[in-house]
Amino acid sequence: MISNMGFRNDERGISEVLAFIFVFAIIITSVGVLYSVGFSSMNDYQENEQLRNAERAMEALGDNFDDIHRHAGVGQRHGELSLRQGTVVVDDESTQMNVTAGSEGPIFEDENASFVDGDNVTLGTFEYRTGSDWIAYQGSGLFRGDDSGSAVLEVPPIRKTDEGTLVVSMVAIESDGRSLQSGEMTGFTATDTDERVAVTDSSLDDENVTITIHPEPGYETGWVRALERAGAETEPEFDETDGTIEAEFTDIDAYTVNVVGIEIDF
């Protein structure tokens, strides 16, 4: 009579091998999943941290550059930015601004500066870009965006005082379209070009002043939010037909608009 003991031993051996393979497969799969998820999360964290650092650095840099239009006699300011393989682009062909005061019409039409184009002032852009994300200093404001849209981080200096005076003071960046990609800390110097537009009128009597922005592509939502936060009495909206955003400030008795041209070198 043939014993079944050998068959049972073989079955037990096969079961143990299969169990080992099964457990080993679970471990390998778990490690793979954890590695993939963890690596992706780490990449996301590093990218977000890089953008937060860039945002803080751009805020400090912009505040430094703004001294040129805020304080008479300040002709130059310097700052640094760690690019971390990102790209900086300085462009003078970007968002344009038009200001119309009541029955007077556009206030820039008689001004003579290289950044004045007809009735408009071209604001220029100092932009840091990494991947699809960007942070930009424009019109002395700070904007952030990606492929899905944009937001305003620091509102351009546009305000209406309690006395009914509209005050606009900002820089216009003049450049030949330079760009730089680097992984190192890079210095940037803003210099007053001695070109400026300074228009003041205190003869208005509860009139409306309209600021019209023609934003470059990608900046539309950011400028809508900026004009809202600046206190526009009408709700700013982007008009896709003519590519502009209008913001109306009412009951204005006086206005002061000051735009100073700067060059940014690196």
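Conventions and cut-offs
Residues numbered from 1 in each chain as written. Predicted model: local features only at pLDDT ≥ 70, side-chain atom pairs only at ≥ 80, totals over all residues. Heavy atoms only, no water. Pairing = 2+ DSSP bridges. Helix = DSSP H or I, 4+ residues; strand = E, 2+ residues; numbered from the N terminus. Axes fitted to C-alpha atoms, helices over the stretch in contact; angles between N-to-C directions. Phe/Tyr/Trp six-rings, centres within 6.5 Å; stacked < 30°, edge-to-face > 60°. Buried < 20%, exposed > 50% of the residue type's maximum accessible area, 1.4 Å probe, protein only. Lys NZ or Arg CZ within 6 Å of the ring centre and 35° of its normal. Contact = heavy atoms within 4.5 Å. Patch = residues over 30% accessible without salt bridge, like charges linked within 9 Å, V, L, I, M, F, W, Y side chains within 5 Å. Areas by Shrake-Rupley, 256 points an atom, 1.4 Å probe, with all protein chains shown as cover. Salt bridge = Lys/Arg side-chain N within 4 Å of Asp/Glu carboxyl O. Lys, Arg positive; Asp, Glu negative; His and termini not counted. Charge placed at Lys NZ, Arg CZ, Asp CG, Glu CD. pLDDT = per-residue confidence, 0-100.

A. Summary view of the sheet that holds strand β12 (residues 165-174). The 5 strands lie next to each other as β1-β14-β18-β12-β11, forming an open sheet whose pairing is mixed. Here the strands that pair on one side only, and so sit at the sheet edges, are β1 (76-82) and β11 (158-160). When the angles between neighbouring strand axes are averaged without regard to direction, this sheet yields 25 degrees. Pairing analysis gives 10 bridges linking β12 to strand β18 (residues 254-265), with the strands arranged parallel. If you follow Thr165 over to β18, its bridge partner there is Ala254.

B. Quick look at the packing of aromatic side chains. Applying the stated criterion to the full structure yields 7 aromatic pairs. Ring centres 6.2 Å apart and planes at 75 degrees place the aromatic pair Phe65 and Phe126 in the edge-to-face group. With a gap of 61 residues between them, Phe65 in helix α1 (residues 5-65) and Phe126 in strand β7 (residues 125-130) connect regions that are remote in the sequence. Of the two residues, Phe65 and Phe126, both sit in the buried class. Centroid distance Phe143 to Tyr219: 6.0 Å. Interplanar angle 65 degrees. Geometry classified as edge-to-face. Placement of Phe143 in strand β9 (residues 141-146) and of Tyr219 in the loop between β15 (207-214) and α3 (220-229) is noted, with a sequence separation of 76 residues between them. Relative accessible area serves as the criterion here: at 1%, Tyr219 is assigned to the buried category. Just above the ring of Phe266 sits the side chain of Arg178; from NZ or CZ to the centre is 4.1 Å.

C. Up close: the side chain of Thr210. Tracing the backbone through its elements, the reader meets Thr210 in strand β15. The buried category is assigned to Thr210, whose relative accessible area is 14%. The residues contacting Thr210, other than those within four sequence positions of it, are Asn98, Val99, Thr100, Glu246, Ala247 and Glu248.

D. Geometry of a negative patch on the surface. Judged by side-chain charge, Glu235, Glu237, Asp239, Glu240, Asp242 and Glu246 come together as a negatively charged surface patch. Its place among the elements puts Glu237 in the loop between α3 and β16 (238-239). By relative accessible area, Glu237 is classed as exposed at 53%.

E. Summary view of the confidence of the model for the protein. When pLDDT is averaged along the protein, the result is 87, and 84% of the positions lie at 70 or above. Predicted confidence in the protein is weakest over α1, with a mean pLDDT of 68, and strongest over α3, with 97.

F. Molecular detail of the pattern of salt bridges. In total, this model carries 9 salt bridges according to the counting rule given. Asp67 is the salt-bridge partner of Arg77, the closest N and O atoms lying 3.1 Å from each other. Remark: Asp67 occurs in helix α2 (residues 67-70) and Arg77 occurs in strand β1; sequence separation between them is 10 residues. Here Asp192 makes a salt bridge to Arg196, at a shortest N to O gap of 2.6 Å. You can call Arg196 partly exposed: its relative accessible area is 38%. Through salt bridges with shared partners, a single network forms among Asp63, Asp67, Arg70 and Arg77.

G. Local environment of α3. Taken together, the buried positions of α3 are occupied by Gly222, Trp223, Val224, Ala226 and Leu227. Looking at the residues trailing α3, positive phi occurs at Gly231, about 100 degrees.

H. Expanded view of the environment of Leu227. In this fold, Leu227 is placed in helix α3. For Leu227 and Ile158, which are 69 residues apart along the polypeptide, the C-alpha to C-alpha distance reads 8.1 Å. Ignoring any residue separated from it by four or fewer positions in sequence, one finds Leu227 in contact with Ile158, Ile211, Ile213, Ala232, Pro236, Ile245 and Ala247.

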